[in-house]
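Tertiary structure, described
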Amino acid sequence: MAPSETVLVVGGGPAGIEAARGIADLGVRAVLVEERERLGGTPIFEHYAALTPYFEDAEAAMDGMIAELGERPLADVRVSSRVTALAGEAGAFTATVEGPGGTSEVEAAAVILCTGFTHFDPGRERQIYNYYQYPDVLALQDLEVMLKAHDVRVPSTGEPPRRICWIQCVGSRDRNIGNEYCSKVCCGIASKQAIEVRKLAPDCRAYVFYIDMRMYGYWEQQLYWPAQEQHHVQYIKGIVTEVLERGGGGGGLLVRGEDTTMGRPMEVPMDMVILSVGMEPSDGTRAMAQLMGVEQNKYGFVEVAHPPLDTVSTKRPGIFAAGAALGPVDLEDTVSSAGAAATKAVALIRRSSLAVA
Ligand SMILES: Cc1cc2nc3c(=O)[nH]c(=O)nc-3n(C[C@H](O)[C@H](O)[C@H](O)COP(=O)(O)OP(=O)(O)OC[C@H]3O[C@@H](n4cnc5c(N)ncnc54)[C@H](O)[C@@H]3O)c2cc1C
Ligand code: SF4
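Now for a look at the structure at hand. Quantities reported herein were computed from a predicted structural model and do not represent experimental measurements. (Residues numbered from 1 in each chain as written. Chains lettered and ligands numbered in written order. Predicted model: local features only at pLDDT ≥ 70, side-chain atom pairs only at ≥ 80, totals over all residues. Heavy atoms only, no water.)

Comments concerning helix α7 (residues 283–291)
Listing the buried residues of α7 in full gives T285, M288 and A289. All buried residues of α7 fall inside an arc of 100° around its axis, so they share one side. Within α7, the exposed residues directed more than 90 degrees away from the buried face are D283 and Q290. On its buried side, α7 packs onto β1 (6–10), β6 (82–89), β9 (110–113) and β18 (279–281). (Buried < 20%, exposed > 50% of the residue type's maximum accessible area, 1.4 Å probe, protein only. Helix = DSSP H or I, 4+ residues; strand = E, 2+ residues; numbered from the N terminus. Arc of directions from axis to C-beta. Contact = heavy atoms within 4.5 Å.)

Now the structure itself:
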């Protein structure tokens, strides 16, 4: 039997959009299923402001990708839709898709999972940073919303902050909560945000408390050194053990911990504290991996069959994954893996066609 000439892509964030675009450009039909009302993924629905490392507007960047996909007649985009079942095997899958128009069946030779990530919930497991108790303790994505509006203010007072800090590795590199992995992007995102805050409010002092800074590739000279040398962001190697309210509330925050370079305890007053939360698999990644019988690692991210040289094939033939469904990743690597997955999915169709002929 000739294989289906369609690839099903699940998840319409940067990975899914790029995968669908790649498949269509290779002359194959792509059905892209996104559960939300619009494409764009986490950068859009979490209102990211500027993207690392070039400070490009996130919404404009994603709109550009979406517009390019719209120019491909071979890309069939289904928003507000979900895959509820998958039967068959590589070359001949049948997916049940539920959407606004009802239930339909999609015949596909291959599937690419692009279901992405979610931010670590800083209120989970331990409450040492009091994220849900203190309005002036925020997470990276909360500050992105303010940066997008070009208006950074201390939530409890409505005033611009005079002292702001980032606490790195919240929910990452933490054996106690079982997330031993590094989330890769948060050192760069914190540095990018510190630069943006210093540009918006030059009188505000900015501090980053870190275990060790892990800048990604060229981000070292694109973000880390400019943050220090041009924008005077202060990096302090230290472990924060507590965030408290000064004077029991109304007087700002107190960051308590240990300055590990100086080897002494520290207590630093702050107006705002930003928790550099890590990346975890989205509920959709966990659910789709389970529904499609694809193995997940102990953290819930999709496991690939043959790392490090094949980064996108799962152990189930015909099912591939890309982007943050595979683990913490930035946009560059997200679109790279999406391109690789698109190529492998189309190659599966081409190889089977040759075998049938
Ligand atoms: C605070 C923060 C800021 C960041 N800023 C940057 C930056 O400036 N530069 C950079 O390079 N990287 C940045 N990143 C990383 C970047 O956001 C990710 O690399 C990228 O979003 C991954 O894209 P994705 O498509 O794999 O996943 P996502 O963006 O998470 O998209 C997944 C999509 O799948 C959909 N989905 C999920 N489950 C289902 C399902 N069951 N059915 C259908 N659809 C489903 C979701 O609705 C979503 O649209 C940042 C990360 C964080 C945490
Ligand atoms: S990128 Fe930085 S903040 Fe994020 S987990 Fe790794 S070391 Fe920690």
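There's plenty left to go through after this.
With respect to the sheet that holds β6
Taken in spatial order, the three strands make up an open sheet running β6-β7-β8, and their pairing is antiparallel. Both edges of this open sheet fall to β6 and β8 (102–108), since each of them pairs with a single strand only. Each adjacent strand pair in this sheet contributes to an overall mean axis angle of 20°, direction not counted. In the sheet, β6 pairs with strand β7 (residues 92–99) via seven bridges, with the strands oriented antiparallel. Opposite R82, over in β7, you have E98 as the bridge partner. (Pairing = 2+ DSSP bridges. Axes fitted to C-alpha atoms, helices over the stretch in contact; angles between N-to-C directions.)

Description of the site of ligand 2
Around ligand 2 sit Q168, C169, S172, R173, C182, S183, K184, C186, C187, D212 and R214, and that is every residue in its neighbourhood. At the level of elements, β12 (163–170) and α5 (186–200) are the ones that each hand at least two residues to the shell around ligand 2. Class assignment of the residues belonging to the shell around ligand 2 gives a composition of four nonpolar, three polar and four charged. (Near = heavy atom within 4 Å. Nonpolar A, V, L, I, M, F, W, Y, C, P; charged D, E, K, R; others polar.)

Quick look at empty space enclosed by the protein
The full count for this structure, using the stated rule, is one cavity of 30 Å³ or more. Of the volumes computed, that of the largest cavity is approximately 70 Å³. Around the largest cavity, the lining residues are Q168, C169, S172, R173, C182, S183, K184, C186, C187 and R214. Elements represented by at least two residues in the lining of the largest cavity include exactly β12 and α5. Looking at the lining of the largest cavity, its residues break down into four nonpolar, three polar and three charged. (1 Å grid on protein atoms, 1.4 Å probe; cavity = no way out; pocket = protein on both sides within 12 Å on 5 of 7 lines; lining within 4 Å. Points joined across faces, edges and corners; volume = space filled by probe spheres on them.)

Re the packing of aromatic side chains
On inspection of all chains with the given rule, the structure shows seven aromatic pairs. Each ring, one from Y216 and one from W219, has its centre 5.7 Å from the other, and the planes form 75°; the classification is edge-to-face. For W219, a relative accessible area of 3% corresponds to the buried category. Pairwise contacts between aromatic rings join Y210, Y224, W225 and Y235 into one cluster. The aromatic ring of F45 is capped on one face by R36, whose charged end is 3.3 Å from the ring centroid. Directly above the aromatic system of F55 lies the positively charged group of K199, at a separation of 4.9 Å from the ring centroid. (Phe/Tyr/Trp six-rings, centres within 6.5 Å; stacked < 30°, edge-to-face > 60°. Lys NZ or Arg CZ within 6 Å of the ring centre and 35° of its normal.)

Some words on the site of ligand 1
Taken together, 34 residues are adjacent to ligand 1, and E34, T42, T52, V329 and L331 come closest. The separation between an oxygen atom of ligand 1 and a polar side-chain atom of R36 is 3.2 Å. Here an oxygen atom of ligand 1 and a side-chain polar atom of T42 are 2.6 Å apart. Here ligand 1, which alone exposes 1000 Å², has 98% of that area covered by the protein. Residue assignment for the shell around ligand 1 shows that the elements contributing at least two residues are α1 (14–25), α2 (42–45), β3 (50–51), β10 (117–119), α7 and α8 (331–356). When residues in the shell around ligand 1 are grouped by element, the largest group, three residues, is from α2. Classifying every residue of the shell around ligand 1 gives 18 nonpolar, 12 polar and four charged. (Polar contact = N/O pair within 3.5 Å; in protein donor to acceptor, adjacent residues only side chain to side chain. Areas by Shrake-Rupley, 256 points an atom, 1.4 Å probe, with all protein chains shown as cover.)

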